[in-house]
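Residue-level structure breakdown
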Amino acid sequence: MVMLMPRRDLPPPPPPVHLRAWLDANTVRADRARFLSELGRRSLGFGRLMLLWAVSAVFVLGWSFVGMAFMAIETHEPLAYLFGLIFAVLGVGVLIPAGFWFAWGAKRDRQVRRLMCAWAELDRDPPVDAAVRAPGRSLIWLLASFVLGAFGLWVTFASAVSARPGADTYGEVAYTMGLGMILWITALLGLGKAGAHYRWALRVFRAGPAATAPGR
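In what follows, the accompanying structure is described. Only a predicted model underlies this, so the values are computations on that prediction, with no experimental measurement involved.

Basis of the calculations
Residues numbered from 1 in each chain as written. Predicted model: local features only at pLDDT ≥ 70, side-chain atom pairs only at ≥ 80, totals over all residues. Heavy atoms only, no water. Core = buried A, V, L, I, M, F, W, Y, C linked by side-chain atoms within 4.5 Å. Buried < 20%, exposed > 50% of the residue type's maximum accessible area, 1.4 Å probe, protein only. Helix = DSSP H or I, 4+ residues; strand = E, 2+ residues; numbered from the N terminus. Axes fitted to C-alpha atoms, helices over the stretch in contact; angles between N-to-C directions. Parallel < 35°, antiparallel > 145°, perpendicular 65-115°, else oblique. Contact = heavy atoms within 4.5 Å. Nonpolar A, V, L, I, M, F, W, Y, C, P; charged D, E, K, R; others polar. 1 Å grid on protein atoms, 1.4 Å probe; cavity = no way out; pocket = protein on both sides within 12 Å on 5 of 7 lines; lining within 4 Å. Points joined across faces, edges and corners; volume = space filled by probe spheres on them. Patch = residues over 30% accessible without salt bridge, like charges linked within 9 Å, V, L, I, M, F, W, Y side chains within 5 Å. Areas by Shrake-Rupley, 256 points an atom, 1.4 Å probe, with all protein chains shown as cover. Salt bridge = Lys/Arg side-chain N within 4 Å of Asp/Glu carboxyl O.

Quick look at the nonpolar core now. If you look at the biggest cluster of nonpolar residues, it comprises 16 residues, and the most contacted ones within it are Leu39, Met116, Val132, Trp200 and Phe205. Elements supplying a minimum of two residues to this core: α2 (25-44), α4 (78-120), α5 (126-133) and α7 (170-207). By residue number, the principal contributor to this core is α4, which donates six residues. Of all hydrophobic cores here, the second largest spans six residues; its members include Leu44, Leu52, Trp141 and Ala144.

Listed below in structure tokens is the structure:
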């Protein structure tokens, strides 16, 4: 019987070596194909890209509150200091959960990678292995991240170059540059993830089981 997988949980690890001889080879092969397909979607699927951008959007929201706090304080009006404090608290209240969300996602990515390595070393199945390589999804990640990164760099440098004393405040420039930095850092994460997955898949399915250990 093929092992069942909870919809919200990661697939289980492969059966221990001493139990594999007692399992049906077709069942293990079917589990490998199903779990590698699921792990591939969790690692490099469109939903995973949207999740990365959603975390980035939360960081942008939090930084927007911080930027409004800077701009309010720069007016040096008594009431503006109060609004600046409120905006600063709101910003911190958004950025801290976003940081925890990002850390959780990074931890889940490491778990997915370890499971992919473990299931990949069990056997070879060319159609399944070709799907796990996912060159199309890697290309989508690369192109989308490149466009986002280019836009982020443009926002960052354009705000610094076009700033004029007296016309633009330090708070406005800091906010715009910070916004651009969040965008291109998000893009770098996407580029790195897509490139790392593609290199891993080529190394694993060309070099054989010994190359599937994490970090190699």
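There is more to say after this.
A few words on the packing of α2 against helix α6 (residues 135-162). Relative orientation of the contacting elements α2 and α6 amounts to 10 degrees, with a least axis distance of 11 Å. With respect to α6, the axis of α2 lies roughly parallel. Here α2 contributes Gly40, Arg41, Ser43 and Leu44 to the contact with α6, which in turn contributes Arg137, Ser138 and Trp141. Grouping the constituent residues of the contact of α2 with α6 by class yields two nonpolar, three polar and two charged.

The computed volume of the largest pocket comes to approximately 290 Å³. Arg48, Leu52, Phe102, Ala106 and Asp109 are the residues nearest the centre of the largest pocket, which is lined by 15 residues in total. Considering every element that reaches the lining of the largest pocket, the biggest residue donor is α4, with seven residues. Residues belonging to the lining of the largest pocket are distributed by class as follows: nine nonpolar, two polar and four charged. The calculated volume of the second largest pocket comes to roughly 180 Å³. Taken together, Leu10, Arg41, Arg42, Gly45, Gly47, Arg48, Leu51, Trp104, Gly105, Arg108, Asp109 and Val112 make up the lining of the second largest pocket. Only α2, α3 (46-74) and α4 provide two or more residues apiece to the lining of the second largest pocket. For the lining of the second largest pocket, the element with the highest residue contribution is α4, accounting for five residues. Within the lining of the second largest pocket, the residues separate by chemical class into four nonpolar, three polar and five charged.

We now examine a nonpolar patch on the surface. A cluster of nonpolar residues, Leu79, Leu82, Phe83, Ile86 and Leu90, forms a patch on the protein surface that exposes about 450 Å² of accessible area. Mapped onto the secondary structure, Ile86 falls in helix α4.

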